[in-house]
Amino acid sequence: MSKTDRSFKRVVLKLSGEALRESGSQDNISPEIVERIACEIKAAHSTGMEIAIVVGGGNFWRGASASARGMDRATADYVGMLATVMNALAVQSALEAEGVPCIVQSAIEMKNVAEPFIRRKASRQLKEGRVVVFAAGTGSPFFSTDTTAALRASEMGADAILKATMVDGVYDADPKKNPEAKRFNKVSFQTCIVEQLKVMDSTAFTLCMDNDIPIIVFDLNVHGNITKAIVGQDIGTIVSKDSDEV
Ligand code: UDP
């Protein structure tokens, strides 16, 4: 059975840090936006799906940018990982306010605010109906939270990664520069590599490809899209081993 027939039981939702910020605002986290996202996750969770979340930190900090400005890269990356913890706590708080049971597990131990990452415990919590938010990335510098999503999806046996973005899928060219650009409904890992289509960074992408984990790329700003992605409605782009379909 193909993994893209959407008989999903467990998914990893990747939220970028930027998704939590209101564009043009000074605030790194918008409580209103986080609340809206929590409502979307609540609806998706009510379908019975096991949902783990990996949250980024780019609304606060990106290690590579700080390093380009002279900071030691590993230290800059640890700052980035700590930023993801702030976002994870904001997401947890909003989910709990919506009545969705949720725990945060951090790859960098900070027992006062989050549980440590323990794979088997996370799996049990998901089975028991809690949303598990993975914070602090992989716990190692030189990686991204996209790679964290690929890693956690692999080790948690997730059926897919839902990559929530600000665009509605993967195009064959940059739609902002080329009005003729076509959006793929389905695109293979192979085409993404050959055509250099940017879906995730290469480490994350390779991990998904090697472990046969489809990635569904969709627009987070459209109401109901997380649920639609889970139940198999035709939104965004599925990146998988299957062949291309524009
Ligand atoms: N980061 C890291 N290791 C990880 C995950 C993240 O060092 O396993 C750091 C890295 O500096 C990165 C920052 O955390 O720039 C924020 O993560 P990311 O850029 O992936 O966030 P997003 O773009 O998804 O908001």
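Residues numbered from 1 in each chain as written. Predicted model: local features only at pLDDT ≥ 70, side-chain atom pairs only at ≥ 80, totals over all residues. Heavy atoms only, no water.

Looking up the chain in an unreviewed UniProt entry gives the name Uridylate kinase, with the organism given as Rubritalea squalenifaciens DSM 18772. For the record of the chain, the UniProt heading Subunit (unreviewed entry) holds the text "Homohexamer." What UniProt states about the chain under its Subcellular location (unreviewed entry) heading is, verbatim, "Cytoplasm". (UniProt positions renumbered as here; feature names shortened; annotations may be inferred.)

Asker: Could you clarify how one ought to interpret a negative patch on the surface in this entry?
Answerer: Together, E22, D27, E32 and E35 make up a region of like negative charge exposed at the surface. In this structure, D27 sits in the loop between β1 (10-15) and α1 (31-45). (Patch = residues over 30% accessible without salt bridge, like charges linked within 9 Å, V, L, I, M, F, W, Y side chains within 5 Å. Areas by Shrake-Rupley, 256 points an atom, 1.4 Å probe, with all protein chains shown as cover. Salt bridge = Lys/Arg side-chain N within 4 Å of Asp/Glu carboxyl O. Lys, Arg positive; Asp, Glu negative; His and termini not counted. Charge placed at Lys NZ, Arg CZ, Asp CG, Glu CD. Helix = DSSP H or I, 4+ residues; strand = E, 2+ residues; numbered from the N terminus.)

Asker: Is there a simple way to explain the packing of helix α5 (residues 145-155) against helix α7 (residues 202-210) in this structure?
Answerer: Angle between the axes and distance between the axes: these two values describe a pair of packed helices. Close contact between α5 and α7 brings their axes to 7 Å; oriented N to C, the two are set at 20°. Relative to α7, the element α5 lies roughly parallel. Our pair here, α5 against α7, has a crossing hand that is left-handed. Of the residues in α7, those in contact with D146, T147, A150, L151 and S154 of α5 are T203, A204, L207 and C208. When grouped by side-chain class, the residues that make up the contact of α5 with α7 number five nonpolar, three polar and one charged. (Axes fitted to C-alpha atoms, helices over the stretch in contact; angles between N-to-C directions. Parallel < 35°, antiparallel > 145°, perpendicular 65-115°, else oblique. Left-handed = near helix turned anticlockwise from the far one by under 90°. Contact = heavy atoms within 4.5 Å. Nonpolar A, V, L, I, M, F, W, Y, C, P; charged D, E, K, R; others polar.)

Asker: Hey, could you run me through the site of the ligand in this one?
Answerer: Taken together, 21 residues are adjacent to the ligand, and G17, G58, D77, T138 and T145 come closest. Between the ligand and G17 there is a distance of 2.7 Å, counted from an oxygen atom to a backbone nitrogen or oxygen. One nitrogen or oxygen atom from the main chain of M81 is found 3.5 Å from an oxygen atom belonging to the ligand. Protein chains shield 92% of the accessible area of the ligand, which is 520 Å² for the free molecule. Mapped by element, the contributors of at least two residues to the shell around the ligand are α3 (73-97) and α5. (Near = heavy atom within 4 Å. Polar contact = N/O pair within 3.5 Å; in protein donor to acceptor, adjacent residues only side chain to side chain.)

Asker: Can you help me understand the UniProt feature "binding site: UMP" (unreviewed entry) in the chain in this one?
Answerer: In the numbering used here, UniProt assigns the feature "binding site: UMP" (unreviewed entry) to G57, D77, T138, G139, S140, P141, F142, F143, S144 and T145. Maximum C-alpha separation among the annotated residues is 14.2 Å over a sequence range of 89 residues, consistent with a single clustered spot. Excluding residues that lie within four positions of it along the chain, D77 makes contacts with G63, A64, P141 and F142. Here G139 lies in the loop between β5 (131-135) and α5. Leaving out residues up to four positions away in the same chain, G139 has contacts with Y78, M81, A107 and I108.

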